[in-house]
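# A look at the structure
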Amino acid sequence: AVPAPASLAEKGFAVLWFQARGYEVDQSSYPPDNQGYILSGIENQETYVYREIVSHGLLGIDFLLTRKEVDPKRIAAAGASQGGGLSLILAGLDSRISYVSADFPSLCDFEATGLVSAGLLGEVRRYADSNPAVQEAVRSAVSYFDVVNFAGRIKVPVQINAGLLDAQCVPIGIWNAYRAIAGRKKTLQIYPAAGHGDQNAVRWDNMIEYLTERLSR
């Protein structure tokens with residue numbers, strides 16, 4: 001499990017921390033022989049676990065705005081890997097988000113990266129390929145939660161980090177999502193020698209520096 005970012009609270013951020021990995025779902029909804037939550041309910045976009053994950057993210061924003069210490073005009077979404085992908089999706093859905101910082105985001109362009117990804121999208125692709133009867137249903141459900149399909153709705157400033165050696169969140173997918181973002185205030189920070197777990201401290205500092213600079217205005 002990723003530890004809660006207490007250091008952000010120490011810096012003065014009001015933080016709602018949400019970890020999707022290891023998400024607790026009813027295991028009876030898992031496809032046969034699967035042990036991972038990422039395939040839960042995957043044959044229908046209405047039952048797919050990411051529908052619930054995204055919904056909880058949106059409800060999290062609702063909760064933050066009930067807190068008197070939170071400025072409703074300075075809400076940011078940030079995270080790494082799944083957290084980065086989810087942050088981009090939420091920004092496409094909810095105009096209350098003012099800034100996004102996404103570090104090596106996943107869920108970017110299933111069609112372009114599922115075949116080569118060693119991460120979540122690769123797991124989805126392998127399941128779809130081994131179950132031809134539901135292949136189209138799986139592709140449809142996952143595509144519904146693809147960052148590329150939300151990027152055109154993102155109008156706020158965005159920073160994205162990408163590693164050229166990342167075998168899980170494949171850089172071409174991140175690049176395609178970045179290009180599709182509608183807002184003009186967007187930056188793509190490239191880490192040429194970084195795989196998915198490399199230079200974590202540097203990437204974290206870069207993500208937080210971006211948010212600190214903008215949220216302190």
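Residues numbered from 1 in each chain as written. Predicted model: local features only at pLDDT ≥ 70, side-chain atom pairs only at ≥ 80, totals over all residues. Heavy atoms only, no water.

## Considerations on the overall build of the protein
The criterion, for reference: Segments assigned H or I by DSSP are reported as helices when at least four residues long, segments assigned E as strands when at least two residues long, and all are numbered from the N terminus. Radius of gyration here is computed from C-alpha atoms only, and the compact-globule reference equals 2.2 Å multiplied by the residue count raised to the power 0.38. Buried, partly exposed and exposed residues are distinguished by accessible area as a fraction of the type maximum, computed with a 1.4 Å probe on protein chains only: under 20%, between the cut-offs, and over 50%, respectively. Positive charges come from Lys and Arg, negative ones from Asp and Glu, while His and the chain ends are left out of the count. The location of each charge is read from NZ of Lys, CZ of Arg, CG of Asp or CD of Glu.
The helix and strand inventory of the protein stands at nine helices and four strands. N-terminal to C-terminal, the α/β element order of the protein is α-α-β-α-β-α-α-α-α-β-α-β-α. Taken over the C-alpha trace, the protein has a radius of gyration of 17 Å; the compact-globule value for 217 residues is 17 Å, and the two agree within 12%. In terms of overall dimensions, the protein has C-alpha extents of about 55 × 40 × 30 Å along its principal axes. Expressed as a percentage of the 217 residues in the protein, the buried residues total 49%. On the protein, the mean spot of the 20 positive side-chain charges and the mean spot of the 23 negative ones are 11 Å from each other.

## Examining the sheet that holds strand S3 (residues 158–163)
The condition that has to hold: Here, any two strands with at least 2 DSSP bridges between them count as paired. Axis definition: a line fitted to C-alpha atoms, over the contacting stretch in the case of helices. Angles run 0 to 180 degrees between N-to-C directions.
The sheet built from four strands is open, its strands ordered S1-S2-S3-S4 with parallel pairing. Edge positions in the sheet fall to strand S1 (76–80) and strand S4 (186–191), since each of these pairs with one other strand and no more. The average angle at which neighbouring strand axes cross in this sheet is 10°, direction not considered. In this sheet, strand S2 (residues 99–103) lies alongside S1 in parallel orientation, the contact comprising five bridges. The partner of Ala-80 across the bridge, within S2, is Asp-103.

## Structural notes on empty space enclosed by the protein
Our working definition: Within this scheme a cavity is a closed region of a 1 Å grid, computed over the protein atoms alone, that accommodates a 1.4 Å probe without allowing it to escape, whereas a pocket is open but has protein on both sides within 12 Å along at least five of seven lines; lining residues each have an atom within 4 Å of a point. Grid points are joined across faces, edges and corners, and a volume is the space filled by probe spheres set on the points. Charged means Asp, Glu, Lys or Arg here, nonpolar means Ala, Val, Leu, Ile, Met, Phe, Trp, Tyr, Cys or Pro, and polar covers whatever is left, Gly included.
Applying the stated criterion across every chain yields a total of one cavity of 30 Å³ or more. As for the largest cavity, its lining consists of Ile-38, Tyr-48, Leu-107, Phe-110, Leu-120, Leu-121, Val-124, Val-142, Phe-145 and Asp-146. At three residues, helix H5 (residues 120–130) tops the list of elements feeding residues into the lining of the largest cavity. A class-by-class count of the residues in the lining of the largest cavity yields nine nonpolar, no polar and one charged.

## Looking at the packing of H5 against helix H6 (residues 135–144)
Condition: In what follows, roughly perpendicular refers to angles from 65 to 115 degrees, roughly parallel to angles under 35, roughly antiparallel to angles over 145, and oblique to any angle outside these ranges. Crossing handedness: left-handed means the near helix sits turned counterclockwise from the far one by under a right angle, and right-handed means the same turn made clockwise. Should any heavy atoms of two residues lie within 4.5 Å, those residues are considered in contact.
Packing of H5 against H6 leaves a shortest axis separation of 8 Å and a crossing angle of 155°. As far as their axial angle goes, H6 and H5 are roughly antiparallel. Our pair here, H5 against H6, has a crossing hand that is right-handed. Contacts from Leu-121, Val-124, Tyr-127, Ala-128 and Asp-129 of H5 reach H6 at Gln-135, Val-138 and Val-142. Of the residues belonging to the contact of H5 with H6, the class tally is six nonpolar, one polar and one charged.

## A short note on a nonpolar patch on the surface
Here is the rule we go by: Each patch is built from residues lacking any salt bridge and having more than 30% relative accessible area; the joining distance is 9 Å for like charges and 5 Å for nonpolar side chains (Val, Leu, Ile, Met, Phe, Trp, Tyr). Under the convention used here, a 1.4 Å probe and the Shrake-Rupley method define accessible areas, while residue burial counts only the protein chains that appear. In the sections that follow, a salt bridge refers to a side-chain nitrogen of Lys or Arg positioned within 4 Å of a carboxyl oxygen of Asp or Glu.
A contiguous nonpolar patch, built from Leu-164, Leu-165 and Ile-190 and spanning about 270 Å² of accessible area, is present on the exposed surface. Taking relative accessible area as the criterion, Ile-190 reaches 34% and is therefore assigned partly exposed.

## Side note on the confidence of the model for the protein
Heads up, the rule is: pLDDT measures how confident the predictor is about each residue, on a scale from 0 to 100.
Of all residues in the protein, 92% have pLDDT values of 70 or greater, and the mean over the chain is 90. Put simply, helix H1 (residues 6–10) is where the protein has its lowest mean pLDDT, 87, and S3 is where it has its highest, 98. Segment residues 29–35 is flagged for pLDDT under 50; beyond a separation of four residues in sequence, or across chains, it makes 14 contacts in the model.

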